[in-house]
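# Overview (structure and organization)
Here's the letter readout for the chains.
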Amino acid sequence: MDPLIITVAGIGAELTREQQPNLPLSPDEIASDAADCAEAGASIYHLHVRDHEGRPTMQVDRFRAAMEAIRSQTDLIVQFTSGGAVSDDEEARIAPLELRPEMASLTTGTVNFGEEVFWNPFSLVTRFYMRMQQLEIVPEFEIFEAGMIASAERLYVEHGDGHHRHYDFVLGVPGGMPAWPDALDFLASHLPAGASWSCTGIGRAHLPVATAAIAGGGHVRTGFEDVRFVAPGELAASNGQLIRRVAEMARTQGRPIASREQTRQLLGVQ
Ligand code: ZN
């Protein structure tokens, strides 16, 4: 089994400071959050950014400032969201890729997202994917539904350059695939040979999904975007605390944590 890659999704587009007072928002806050997560064992920072009022934005300048802040403090792999918030349009979502982060998320299909719709028609997904290929950005396919695996494979067959394929299963979003106990095995069994996968359970599904992913050879994403409590009614003190919890679970199961260098090798990130 490969060593465990831990990704921190530390910000997201939904959570507010009122809901989680420890949410990092400014570039300085993101940098110290990232440094703490790196020390705790994370390899990848999945990045969303906010404007000066804390609202989600896809402004290129905000991504640049956050990426530079993370890089000034850590050697974490920076992974931009290309999903943004469900209200962001296609042009806004693709623009930050020009900064050439090492990785970017890519959701390969449309899904209901609570009362809203996370809109990803295949033409948009293809455009984003091809731009990532041109800029040598490693995609992480975000899978909310089983059919998105097939769509990712279609992209790879039609436009891929032979790169390593890495997926992240996002389970428990209202409207997407629930964190059913057999969901992970089912999804992982339909990946192409040699692919790697990570997983995150949203909210209450978080710990069961992380436990199963560690045991099943997958990798884990955690952080405020996906979970804000460490126990019923107890808010997490930091993203680092959530990373340490996953690292401790891995140690209990005898699974080593991947270094940043190992993660780069496993995922084909330069
Ligand atoms: Zn995200």
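Look up: the structure comes first, before these words.
Below is a summary of the structure that appears in this document. (Residues numbered from 1 in each chain as written. Predicted model: local features only at pLDDT ≥ 70, side-chain atom pairs only at ≥ 80, totals over all residues. Heavy atoms only, no water.)

## With respect to helix α2 (residues 60–73)
Our working definition: Put simply, DSSP H or I for four residues or longer makes a helix, DSSP E for two residues or longer makes a strand, and each gets a number counted from the N terminus. In a helix, the anticipated span is given by 1.5 Å times the number of residues less one. When accessible area is computed with a 1.4 Å probe and restricted to protein chains, residues below 20% of their type maximum are described as buried, those above 50% as exposed, and intermediate ones as partly exposed. By construction, the arc corresponds to the directions joining the helix axis to the C-beta atoms. Should any heavy atoms of two residues lie within 4.5 Å, those residues are considered in contact.
The end-to-end C-alpha separation of α2 is 20 Å, in line with the 20 Å expected for 14 residues at 1.5 Å each. Listed in full, the buried residues belonging to α2 are Arg62, Phe63, Ala66, Met67, Ala69 and Ile70. One side of α2 carries all its buried residues, which in axial view fall inside an arc of 160°. Seen from the open side of α2, the exposed residues pointing more than 90 degrees away from its buried face are Asp61 and Ser72. Buried-residue contacts for α2 involve α1 (27–40), β2 (44–47), β3 (49–50), β4 (56–57) and β5 (77–80).

## Looking at helix α7 (residues 206–215)
All buried positions along α7 are accounted for by His206, Val209, Ala210, Ala213 and Ile214. For α7, the angular spread of buried residues about the axis comes to 130°, placing them on one side. Positioned one or two residues after α7, Gly217 has a phi angle of 90°, which is positive.

## Some details on the side chain of Asp88
Stated formally: For the purpose of counting charges, residues Lys and Arg are taken to be positive, whereas Asp and Glu are taken to be negative. His and the chain ends are not included. Every case where a carboxyl oxygen of Asp or Glu lies within 4 Å of a side-chain nitrogen of Lys or Arg is listed as a salt bridge. In the analysis that follows, any N or O atom pair within 3.5 Å is treated as a polar contact, provided that within protein one partner can donate a hydrogen and the other can accept it, and provided that, for residues neighboring in sequence, both atoms belong to side chains.
Position of Asp88 among the secondary structure elements: in the loop between β5 and α3 (90–94). Put simply, Asp88 is tucked away with no salt bridge, and the nearest opposite charge, on Arg93, sits 6.7 Å away. A polar contact is formed between the side chain of Asp88 and the backbone nitrogen of Ala85, at a distance of 2.8 Å.

## Considering the coordination of the zinc ion
Short version of the rule: Sites may look incomplete because water is not among the atoms; the donors themselves are N, O and S atoms within 2.8 Å of the metal, or within 3.2 Å for Na, K and Ca. Four donors are marked tetrahedral only if all angles between them lie between 85 and 135 degrees, whereas four are marked square planar and six octahedral if opposite donors are more than 155 degrees apart and the other angles lie between 65 and 115; the remainder are marked irregular.
Coordination sphere of the zinc ion, protein contribution only: His46 (NE2), His48 (NE2), Glu225 (OE) and Glu225 (OE), at 2.1 to 2.8 Å. Coordination at the zinc ion comes from four donor atoms whose angles at the metal span 51 to 127°, giving a geometry best classed as irregular. The sequence pattern describing where the donors of the zinc ion fall on their chain is H-x1-H-x176-E. Residue His48 is located in the loop between β2 and β3, and its partner Glu225 is located in the loop between β12 (219–222) and β13 (229–231); the two are separated by 177 residues in the primary sequence. Assessed through its relative accessible area of 26%, Glu225 is described here as partly exposed.

## A short note on the sheet that holds β12
For the record, the criterion: Two strands pair under a simple rule: DSSP has to find at least two bridges between them. Between the N-to-C directions of two axes lies an angle of 0 to 180 degrees, each axis being a line fitted to C-alpha atoms and, for a helix, fitted only over the stretch in contact.
One closed barrel accounts for eight strands, arranged β1-β2-β5-β6-β9-β10-β11-β12; its pairing is parallel. Strand-to-strand, the axes of this sheet are offset by a mean angle of 25°, without reference to chain direction. When strand β1 (residues 6–9) meets β12, the two strands line up parallel, connected through three bridges. Paired with Ile6 across the strands is Val220, a residue of β12. Across the face of the sheet, helix α4 (residues 122–134) comes into contact with β6 (103–107) and β9 (138–143) while running at roughly 165° to β6.

## Structural notes on the pattern of salt bridges
In this structure the tally under the stated criterion is 19 salt bridges. A salt bridge links Arg17 to Glu29; the nearest nitrogen and oxygen atoms lie 2.8 Å apart. Here Glu29 lies in helix α1 and Arg17 lies in the loop between β1 and α1, a separation of 12 residues in the sequence. The partly exposed category is assigned to Glu29, whose relative accessible area is 33%. Glu98 is the partner of Arg131 in a salt bridge, and the nearest nitrogen-oxygen pair spans 2.9 Å. Of this pair, Arg131 sits in helix α4 while Glu98 sits in the loop between α3 and β6, and the two are 33 residues apart along the sequence. Of the residues examined, Arg131 reaches a relative accessible area of 25% and is grouped as partly exposed.

## Let's talk about the environment of Thr107
Assignment of secondary structure puts Thr107 in strand β6. Classification of Thr107 by relative accessible area gives buried; the value is 6%. For the pair Thr107 and Pro139, spaced 32 residues apart in sequence, the C-alpha separation works out to 9.6 Å. When neighbours within four sequence positions are excluded, Thr107 is seen to be in contact with Phe118, Asn120, Val125, Glu142, Phe144 and Met148.

## What about the state of the cysteines?
Threshold: Put simply, a disulfide is two cysteine sulfurs that come within 2.5 Å.
A full pass over the atoms with the stated rule returns zero disulfides. Unpaired in this structure, Cys37 has its nearest cysteine sulfur neighbour in Cys199, at a distance of 19 Å.

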